[in-house]
Amino acid sequence: MELGLAGRRALVTGAGKGIGRSTVRALHAAGVRVVAVSRTQGDLDSLVRECPGVEPVCVDLGDWAATERALAGVGPVDLLVNNAAMALLQPFLEVTKEACDTAFDVNLRAVVQVSQIVARGLIARGAPGSIVNVSSQASQRALANHSVYSRRAEPPSVPAQIRVNTVNPTVVMTPMGKANWSDPMKAKTMLDRIPLGRFAEEQDVVDAILFLLSDRSSMTTGSAVPVDGGFLAT
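Residues numbered from 1 in each chain as written. Predicted model: local features only at pLDDT ≥ 70, side-chain atom pairs only at ≥ 80, totals over all residues. Heavy atoms only, no water.

A. Region of the structure containing the sheet that holds strand 1 (residues 9–13). Here we have 7 strands laid out as an open sheet, ordered 3-2-1-4-5-6-7, and parallel in their pairing. The open sheet is flanked by strand 3 (55–58) and strand 7 (224–227), the only strands paired with a single partner. When the angles between neighbouring strand axes are averaged without regard to direction, this sheet yields 15°. The sheet contact formed by strand 1 and strand 2 (residues 33–38) spans 5 bridges and is parallel. Across the sheet, Thr13 pairs through a bridge with Val37, a residue of strand 2. The sheet strands contacting helix 2 (residues 41–50) are strand 2 and strand 3, and the helix crosses strand 3 at an angle near 180°. Most of the contacts of helix 7 (residues 202–213) go to strand 6 (residues 162–169), to which it runs at about 165°, and overall it touches strand 4 (79–82), strand 5 (129–134), strand 6 and strand 7. (Pairing = 2+ DSSP bridges. Helix = DSSP H or I, 4+ residues; strand = E, 2+ residues; numbered from the N terminus. Axes fitted to C-alpha atoms, helices over the stretch in contact; angles between N-to-C directions. Contact = heavy atoms within 4.5 Å.)

Below is the structure:
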């Protein structure tokens, strides 16, 4: 399916690894000009070598003032993928203030801040846009030790020409996913609840993101799209 994304400009957070990096690769291959945001300069350097023309921005999105400075001059952005997140998995009774603060700063507050920056630019230009937030099935179904990680919110209401959606994947085989689900017994408890019998690959999530960014989903907004192999349907 031709998605018609060529010539547009996208900003992707959490672009150094995993879903974010795979999203940058796919957008770059589709002819999109990409601003890649990561807190790790080495990841950005290797990404630029892999995808020449990608514009790197190194900033810790947990730092509001630093993010404001780094993205103040980002220029026109048509598409936004809020992918950056911290997965600090702790049993509910052992959740620390530090974990709450870190998760809030990156998983929620940064989504609002970066979305504000992009939406203001779109409104000033009178241009349509699409925002995709990468969330989790854990935002819709309780999972053990995910109390802090599980909530990712959409930005507040935006003008009608700016569409906002989320993708809600199950466990994804990113480096972070592999590290957190490497225990076969732990993995089995989740896999037994997934009708398709497997965890998601990065490309499964990227395909959903690209669809929601494109005009092929022009009648879709305010939706949470599960990429979970049927987990939420069980």
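B. Fine view of the packing of aromatic side chains. Taken as a whole and assessed by the stated rule, the structure comprises 1 aromatic pair. The ring of Trp181 has Lys186 sitting right over it, with the charged end atom 4.5 Å from the ring centre. (Phe/Tyr/Trp six-rings, centres within 6.5 Å; stacked < 30°, edge-to-face > 60°. Lys NZ or Arg CZ within 6 Å of the ring centre and 35° of its normal.)

C. The arrangement of the pairing of strand 4 in detail. What you see with strand 4 is no split at all: Leu79 and Val81 on one side and Leu80 and Asn82 on the other are buried throughout. Two strands pair when backbone bridges link them, and strand 1 and strand 4 are joined in this way by 3 bridges, in the parallel orientation. When the bridges of strand 4 are listed, Leu11 appears paired with Leu80. Once you follow strand 4 into helix 4 (residues 97–125) and on to strand 5, the crossover reads as right-handed. (Buried < 20%, exposed > 50% of the residue type's maximum accessible area, 1.4 Å probe, protein only. Right-handed = clockwise from strand over helix to strand, strands pointing away.)

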